[in-house]
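Structural overview
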Number of protein chains: 2
Amino acid sequence: MNYKDKYSELVRIVENRIIEVIPNIKPFELYEPFRYIMKEGGKRLRPVLAMICTGAVGQDPILALDSAVALEILHNFTLVHDDIMDNSSMRRGRATIHEKWDSATAILTGDVMIGYAYNLLPNSKQSSRSDEILKIFTKELIEVCEGQVLDMTFNERKNVTIDDYIEMIDKKTARLIETSAIIGAHIGEASSEEIEAIRNISRNIGLAFQIQDDLLDMTSTESNFGKPIGNDIIEGKKTFLVINAQKKVDDKNDKLLIEKFINQNGLSKDEVPIIDELFKRNNIYLDAQKEIDLYFEKALINLEFLKKNDYTDMLLQLIQSLNKRLI
Amino acid sequence: MNYKDKYSELVRIVENRIIEVIPNIKPFELYEPFRYIMKEGGKRLRPVLAMICTGAVGQDPILALDSAVALEILHNFTLVHDDIMDNSSMRRGRATIHEKWDSATAILTGDVMIGYAYNLLPNSKQSSRSDEILKIFTKELIEVCEGQVLDMTFNERKNVTIDDYIEMIDKKTARLIETSAIIGAHIGEASSEEIEAIRNISRNIGLAFQIQDDLLDMTSTESNFGKPIGNDIIEGKKTFLVINAQKKVDDKNDKLLIEKFINQNGLSKDEVPIIDELFKRNNIYLDAQKEIDLYFEKALINLEFLKKNDYTDMLLQLIQSLNKRLI
């Protein structure tokens, strides 16, 4: 099997397990939206990464399946609650839960999802690392909330530095990718050296992935990205692109446009092509791509610390394919 | 020490631990509301009950302290999220979190609280029952969400039976009291017979407690109850009182008033004294009190299955004092 087929095979296993673990019981008001959000899941990066990392330290990836699904549920829980807070009406090309049902349903669906995620983590009979895995998973739940608060406070702050930004995306997005990899490694009973290598690999994948998300918001197409292009600009999100542009632009009109974005908490849909032109002229997309390449490179360097097998190969190909994502 | 002093001593221990476990760190936007909701906690029934149950099966109650605080955090998490969904602006005589801050803050505060609760549960080194405790705690998180959904769907249903009502309050409220007692018992390494006795005791306390809450909504005073009197009637909640009245009243005008309550999803503040008179005339308060007495009696009968010690005594006195609560 080539890389793509192997990846798809893991996705299929994860998605079959997802269908199994969401009960088809009352109250349907809760389990129908839970099933809805979990159904169209895009790449399933987090659970697949967890399973690959179990394989990368020499164990059967299937051992990590339930924890992988727990991580995917945790990820989707954050989407459900974030979408309420961000007032987002679309996600992966479909109506968000609070839009299709209502906010109360979305709050409760998110809450119950946390319970289902915990239920899938290994107990002490299933894994000798169950205590560590539980602790890491809970730390992640806490940090993802902290990251979302940071993200929201960015809206009110005029000056957000690149360091602030990295702290925020680290907690809000990158860390869950790191946590997925580390939980997979623990299920594979990884040594502390292997855990360290996998931490460095996945942390850099996570950071690259988020900056790439910021970039794709402007450079992708709506059908590929599942969201309208320029959405972050319209919503006033202080992304890597905006923060870098704020620091970099010299031209008076450019400065005025960025200031307008900051002061009005976003621009209109009509102004998206204008800021796109500004970004292009100031090499903002190129800078972002360089940063993404740098993080992926760091991930690759750390891959050298793992003993080669089919799954370290898969990890290598995963990094390479993520770096080419849609651009 | 008499019962009241012993109870207060446990409350003091729980509240000191609560202060310790909520971090005084950034982002304050998250930890300030967390501290705020946990600060004024009323009776601390759930954590104190957990600790008493550890004592009632012959172990030191202090062993259950962290789990007790986890249960109190879980309880408060449900209040924070329920208050958003119910649009409640007051809780324990103070503004609710979504009112004092905003909905996004309240959603995230609730979410992060779940993480802090899980962090306080014992790991496999701290308790031989850690797997069971984790499973019971997670089941509780799931059921409390299901209970809240049932409660919300009651608003749209014209006919809710007493059985529907009992199912709803069992999941939404009573079960957390039961879960607290059982987790305390597991920490005390209770036998399966002791667990069964404590389940029956606490389940009946929980049901009595919720029906009492419905009753106090009409018969208490605002300063004792921390909420305006008749709040459930104004909000259109289908409480034990309303469901019983709906089944029981014969008089044409009485029927019309209940129908108005059902069809308009509640009555105005001015109509609260009118329905109060209806409840009195039809012995609705007396019926509720009888039901409460019955559940407390069942709790007392099951107490006989435990070997007597200081903490089974305390459990007896707790049941007696709850039965006299404010009426």
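Small disclaimer: the values here were computed from a predicted structure and weren't measured. (Residues numbered from 1 in each chain as written. Chains lettered and ligands numbered in written order. Predicted model: local features only at pLDDT ≥ 70, side-chain atom pairs only at ≥ 80, totals over all residues.)

Before going further, it helps to spend a moment on the overall build of chain A. In terms of helices and strands, chain A carries 16 helices and two strands. Computed over the C-alpha atoms, the radius of gyration of chain A is 20 Å, within 12% of the 20 Å expected from 2.2 N^0.38 for a compact globule of 327 residues. Residues classed as buried in chain A amount to 47% of the 327 residues present. Pairs at least 24 apart in sequence give 72% of the contacts found in chain A among residues at least 6 apart. (Helix = DSSP H or I, 4+ residues; strand = E, 2+ residues; numbered from the N terminus. Rg over C-alpha atoms; globule rule 2.2 N^0.38 Å. Buried ≥ 20, exposed ≤ 12 C-beta atoms within 10 Å, placed from the backbone. Contact = placed C-beta atoms within 7 Å.)

To continue, consider the relation of the copies chain A and chain B. Expressed as a screw transformation, the operator carrying chain A onto chain B has a rotation angle of 180 degrees and an axial translation of 0.0 Å, and the superposed copies differ by an RMSD of 0.0 Å. The transformation just described matches what one would write down for a two-fold rotation axis. Same-surface contact between copies: 100% of interface residues of chain A are shared with the interface of chain B. (Least-squares fit on C-alpha atoms with pLDDT ≥ 70 in both.)

It is worth spelling out helix H8 (residues 162-187) of chain A at this point. Residues and elements named next belong to chain A. Taking 1.5 Å as the rise per residue, H8 with 26 residues should run 38 Å; its terminal C-alpha atoms sit 35 Å apart, in good agreement. At Asp170, H8 shows its maximal bend, which comes to roughly 55 degrees. Here H8 lies mainly inside the structure; 20 of its 26 residues are buried. The first or second residue beyond H8 is Glu189, which carries a positive phi of 55 degrees. (Expected span 1.5 Å × (residues − 1). Bend = angle between axes of the 7 residues up to and from the residue.)

Glancing now at the environment of Phe77 of chain B. Residue and element names in this part refer to chain B. By secondary structure assignment, the location of Phe77 is in helix H4 (residues 65-85). Taking the C-alpha atoms as reference points, Phe77 and Met90, separated by 13 residues in sequence, lie 15 Å from one another. Not counting chain neighbours up to four residues away, the residues in contact with Phe77 comprise Gly110, Met113 and Ile114.

Turning to the packing of helix H1 (residues 3-21) of chain A against helix H4 (residues 65-85) of chain A, a few remarks are in order. Residues and elements named next belong to chain A. H4 packs onto H1 with a crossing angle of 75 degrees between their chain directions and a minimal axis gap of 10 Å. Put simply, H1 runs roughly perpendicular to H4. Where H1 abuts H4, its residues Ile13, Val14, Arg17, Ile18 and Val21 lie against Leu65, Ala68, Val69 and Glu72. (Axes fitted to C-alpha atoms, helices over the stretch in contact; angles between N-to-C directions. Parallel < 35°, antiparallel > 145°, perpendicular 65-115°, else oblique.)

Our next topic: the interface of chain A and chain B. Residue-level contacts link 30 residues of chain A with 30 residues of chain B. Breaking the side of chain A that touches chain B down by element, the ones donating at least two residues are helix H2 (28-39), H4, helix H6 (103-119) and helix H7 (130-154) of chain A. By residue number, the principal contributor to the side of chain A that touches chain B is H7 of chain A, which donates 12 residues. Split by residue class, the side of chain A that touches chain B holds 17 nonpolar, nine polar and four charged. (Nonpolar A, V, L, I, M, F, W, Y, C, P; charged D, E, K, R; others polar.)

In this structure, Pro27 of chain A follows Lys26 of chain A across a cis peptide bond, with omega equal to -10 degrees. Looking at where Pro27 of chain A falls in the secondary structure, it is placed in the loop between H1 and H2. The phi angle at Asn87 of chain B is positive, at roughly 60 degrees, despite the residue not being glycine. The residue Asn87 of chain B is located in the loop between H4 and strand E1 (90-91) in this model. For Asn283 of chain B, which is not glycine, the phi dihedral falls at a positive 60 degrees.

Residue and element names in this part refer to chain A. Counted residue by residue, helix H12 (residues 240-248) has seven buried out of nine residues, so it is predominantly covered. All buried positions along H12 are accounted for by Phe240, Leu241, Val242, Ile243, Asn244, Ala245 and Gln246. Summarising the contacts, the buried residues of H12 are in contact with H8, helix H9 (192-219), helix H13 (252-263), helix H14 (272-281) and helix H15 (284-303).

To continue, consider the confidence of the model for chain A. Averaged over every residue, the pLDDT of chain A is 95; residues scoring 70 or more account for 99%. Interface predicted TM-score (ipTM) for the complex: 0.94; the corresponding pTM is 0.95. (pLDDT = per-residue confidence, 0-100.)

This brings us to the environment of Tyr118 of chain A. Turning to its location among the elements, Tyr118 of chain A is positioned in helix H6. The class for Tyr118 of chain A is buried, based on 24 C-beta atoms found within 10 Å. Residues Tyr118 of chain A and Pro27 of chain A, spaced 91 residues apart in sequence, show a C-alpha to C-alpha distance of 20 Å. Residues contacting Tyr118 of chain A, with those up to four places away along its chain left out, are Tyr118 and Thr138 of chain B.

This next bit is on the nonpolar core. Core analysis: the biggest nonpolar cluster contains 190 residues, and Ile52 of chain A together with Ile52 of chain B have the highest contact counts within it. Residues in contact with Ile52 of chain B, not counting those within four places in the same chain, are Pro61, Gly184, Tyr311, Met314, Leu315 and Leu318 of chain B. (Core = buried A, V, L, I, M, F, W, Y, C linked by C-beta atoms within 7 Å.)

Moving on: the environment of Glu304 of chain A. Residues and elements named next belong to chain A. By the element assignment, Glu304 lies in the loop between H15 and helix H16 (310-323). Classification of Glu304 as exposed rests on a count of 10 C-beta atoms within 10 Å. In this structure, the C-alpha to C-alpha distance between Glu304 and Ala197, residues 107 residues apart in sequence, is 8.4 Å.

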